[in-house]
Amino acid sequence: MTTVVSEATAINLVSHPFGWLLLAIFVVGYYFIATEEKYHIDKAKPALFTGTLMFVLIGLYYISVGADLTPFEREVDHMILEIAEIFFFLFVAMTYIEALIERGVFSALRAKLIAKGYSYRELFWITGVLAFFISPVADNLTTALILSTVLLTIDNKTKEFLVPSAINVVVAANAGGAWSPFGDITTLMVWAAEKGSFVDFLYLFPAAFTGWLVTAALLVRYVPDLDPNKEGDPEAAGKIEILKGGRVIIAFGALTIALAVVGKQLLHLPPMWGMLFGLAILQLYMYFLKTKHNVDVNIFEAMSKVENNTLLFFFGILAAVGALHFTGFLTYAAQLYEAFDPTIVNIGVGFLSAIVDNVPVMSAVLKANPAIDHAQWMLVTMTAGIGGSLISFGSAAGVGVMGKMYGIYTFSSHIKLAWTVLVGYIVSLAVWYVQFMILGIY
């Protein structure tokens with residue numbers, strides 16, 4: 001087969017055997033990610049190997065055919081920039097969470113919840129509601145990490161409580177992030193591309209909330225209707241207090257998120273810049289605690305506890321998807337808008353987001369820039385956001401919780417109850433259809 005080599009653009013390998021090889025490598029890598037529990041291999045290992053291998057092979061292919069490496073180098077540089085922005089954003093968020101754990105914030109929260117005598121099912125609803133309403137402000141990943149930590153401090157052994165609650169937190173965080181311009185990376189991308197105003201996203205609230213509520217109502221049936229209180233447990237009496245500096249760190253965490261949002265909108269800095277600035281503030285405060293109050297909190301120790309497997313998983317999966325995009329596969333997928341009804345395609349985007357990850361899928365849709373109306377842009381924003389909940393690693397929130405609740409919240413444990421998420425997804429679509437297509441609400 002003859003390959004046409006362009007000196008100015010990337011080589012389209014969709015119909016070339018080498019392209020098929022890359023696709024096969026992606027599928028095999030995805031298989032080992034999905035079967036993490038079966039082979040007892042951390043999802044970060046096959047993801048990182050797959051992503052890095054695919055670009056190594058692409059580079060070798062370009063050299064072998066004598067192609068200009070400029071498009072390849074440009075793509076790698078651009079991909080590294082995109083991944084770095086996500087990588088450092090997550091790194092700071094996780095560091096803050098570890099610092100809060102060290103200061104006993106989550107233990108104190110658990111103590112207060114347990115002291116009030118809430119049952120597992122009541123705790124299920126409390127964490128779900130918090131996830132839905134915090135994520136529009138704090139973003140879905142940070143919210144999911146915080147509340148999965150709360151779940152573990154409540155009970156780190158009872159899977160009958162932890163698994164449905166973890167799914168509930170992921171679904172609620174993704175649904176809550178879907179109706180806010182900065183609740184998810186994908187909504188931020190759509191907002192930055194001026195496909196909708198700030199207020200336009202708020203109109204997605206009824207669909208997102210109703211879908212989550214239906215899923216939660218189905219999931220709660222799998223949660224034991226028992227009281228987690230234990231006789232003689234000091235936390236059951238609410239005796240655990242936040243250590244010195246804990247409340248200030250909470251405030252700095254909120255400030256850091258605000259810096260990320262404001263920095264993006266006013267200064268056009270990537271969100272990670274505001275996050276890193278917030279990390280610098282946290283480091284200075286730790287120094288203040290040590291020198292003024294003799295409280296030794298080592299921020300680098302908190303960093304060492306960050307779930308690096310989650311960060312490396314993101315690097316690997318985004319690199320792998322980037323390779324598919326560079327070789328032409330995602331571009332062809334985006335052209336489906338020209339062949340089928342946009343509503344059908346946008347619904348399919350939700351399912352694709354669950355498999356591939358919603359960030360690169362939304363990126364492909366925005367790059368294709370299909371000629372669709374406002375209602376369809378809102379639909380694809382919602383489906384990309386909440387569709388990632390269908391599979392455990394289809395969203396940043398899901399991947400983060402998998403890392404935080406390793407061995408408890410897994411691909412297989414999620415997939416067993418994924419039908420509840422699917423029902424909620426369908427309900428969200430129905431609400432969107434009534435709201436936008438029948439009532440004409442914009």
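Report on the accompanying structure. Since we're looking at a predicted model, the values are computed, not measured. (Residues numbered from 1 in each chain as written. Predicted model: local features only at pLDDT ≥ 70, side-chain atom pairs only at ≥ 80, totals over all residues. Heavy atoms only, no water.)

On to helix α8 (residues 159–178), then. Given a rise of 1.5 Å per residue, 20 residues ought to cover 28 Å, and the 28 Å separating the end C-alpha atoms of α8 matches this to within 8%. Counted residue by residue, α8 has 18 buried out of 20 residues, so it is predominantly covered. (Helix = DSSP H or I, 4+ residues; strand = E, 2+ residues; numbered from the N terminus. Expected span 1.5 Å × (residues − 1). Buried < 20%, exposed > 50% of the residue type's maximum accessible area, 1.4 Å probe, protein only.)

Quick look at the packing of helix α4 (residues 70–102) against helix α13 (residues 271–293) now. The interhelical angle for the contact between α4 and α13, taken along N-to-C directions, is 30 degrees, at an axis separation of 8 Å. Judged by the angle between their axes, α4 and α13 are roughly parallel. The chirality of how α4 crosses α13 is left-handed. Contact with α4, carried on its side by Ala84, Glu85, Phe88, Phe89, Phe91, Val92, Ala93, Thr95, Tyr96 and Ala99, involves Pro271, Met272, Met275, Leu276, Gly278, Leu279, Leu282 and Met286 of α13 and no other residues of that element. Looking at the contact of α4 with α13 residue by residue, the classes come out as 15 nonpolar, 2 polar and 1 charged. (Axes fitted to C-alpha atoms, helices over the stretch in contact; angles between N-to-C directions. Parallel < 35°, antiparallel > 145°, perpendicular 65-115°, else oblique. Left-handed = near helix turned anticlockwise from the far one by under 90°. Contact = heavy atoms within 4.5 Å. Nonpolar A, V, L, I, M, F, W, Y, C, P; charged D, E, K, R; others polar.)

Quick look at a nonpolar patch on the surface now. A cluster of nonpolar residues, Tyr433, Val434, Met437, Ile438 and Leu439, forms a patch on the protein surface that exposes about 500 Å² of accessible area. Looking at the element boundaries, Met437 is found in helix α23 (residues 418–438). (Patch = residues over 30% accessible without salt bridge, like charges linked within 9 Å, V, L, I, M, F, W, Y side chains within 5 Å. Areas by Shrake-Rupley, 256 points an atom, 1.4 Å probe, with all protein chains shown as cover. Salt bridge = Lys/Arg side-chain N within 4 Å of Asp/Glu carboxyl O.)

A side chain with one charge may pair with a side chain of the opposite charge, provided their charged atoms come close. Overall, the coordinates contain 2 salt bridges when judged by the stated rule. In this structure, the salt-bridge partner of Lys404 is Glu98, at a minimum N-O distance of 3.2 Å. Here Lys404, found in helix α21 (residues 396–404), pairs with Glu98, found in helix α4; they are 306 residues apart in sequence, far enough to count as distant. Glu102 is paired through a salt bridge with Arg103; the nearest N and O atoms lie 2.6 Å apart.

Tracing the backbone through its elements, the reader meets Asn308 in helix α15 (residues 308–326). The partly exposed category is assigned to Asn308, whose relative accessible area is 40%. Note: C-alpha distance between Asn308 and Ala44 (264 residues apart in sequence) is 8.8 Å.

Right, let's get into the environment of Asp200. Assignment of secondary structure puts Asp200 in helix α10 (residues 198–202). Placed 78 residues apart in sequence, Asp200 and Glu122 show a C-alpha to C-alpha distance of 33 Å.

It is worth spelling out the packing of aromatic side chains at this point. A complete count under the given rule lists 25 aromatic pairs for this structure. Taking the centre distance of 6.1 Å and the plane angle of 25 degrees together, the rings of Tyr285 and Phe288 count as stacked. In this pair, Tyr285 and Phe288 are both assigned in helix α13, 3 residues apart and thus about one turn of the helix distant. Tyr285 sits in the buried class, given a relative accessible area of 12%. Its relative accessible area of 36% is what places Phe288 among the partly exposed residues. Relative to Tyr433, the ring of Trp432 lies with its centre 6.5 Å away and its plane at 55 degrees, an arrangement referred to as tilted. The class for Trp432 is buried, based on a relative accessible area of 2%. Feature note: the residues Phe124, Trp125, Phe132, Phe133, Trp179, Phe205, Phe209 and Trp212 constitute an aromatic cluster, connected by ring pairs. (Phe/Tyr/Trp six-rings, centres within 6.5 Å; stacked < 30°, edge-to-face > 60°.)

Mapped onto the fold, Val27 is located in helix α1 (residues 17–34). For the pair formed by Val27 and Pro342, sequence separation is 315 residues and the distance between their alpha carbons is 27 Å.

The subject of this paragraph is the packing of α1 against helix α3 (residues 44–64). Between α1 and α3, the least distance of the axes is 9 Å, while the angle of their chain directions is 170 degrees. The angle between α1 and α3 places the two elements in the roughly antiparallel class. Contacts between α1 and α3 involve Phe18, Leu22, Ile25, Phe26, Gly29, Phe32 and Ile33 from the first element and Pro46, Ala47, Thr50, Leu53, Met54, Leu57, Ile58 and Tyr61 from the second.

Compared with the 21 Å implied by 1.5 Å per residue over 15 residues, the 21 Å span of helix α11 (residues 205–219) between its first and last C-alpha is a close match. Lining the buried residues of α11 we find α6 (120–138), α8, α20 (374–387) and α23.

By the element assignment, Ser180 lies in the loop between α8 and α9 (185–192). Here the side chain of Ser180 touches Pro136 through a polar contact of 2.8 Å, landing on its backbone oxygen. Among all residues touching Ser180, those that are not within four sequence positions of it are Pro136, Thr187 and Phe201. (Polar contact = N/O pair within 3.5 Å; in protein donor to acceptor, adjacent residues only side chain to side chain.)

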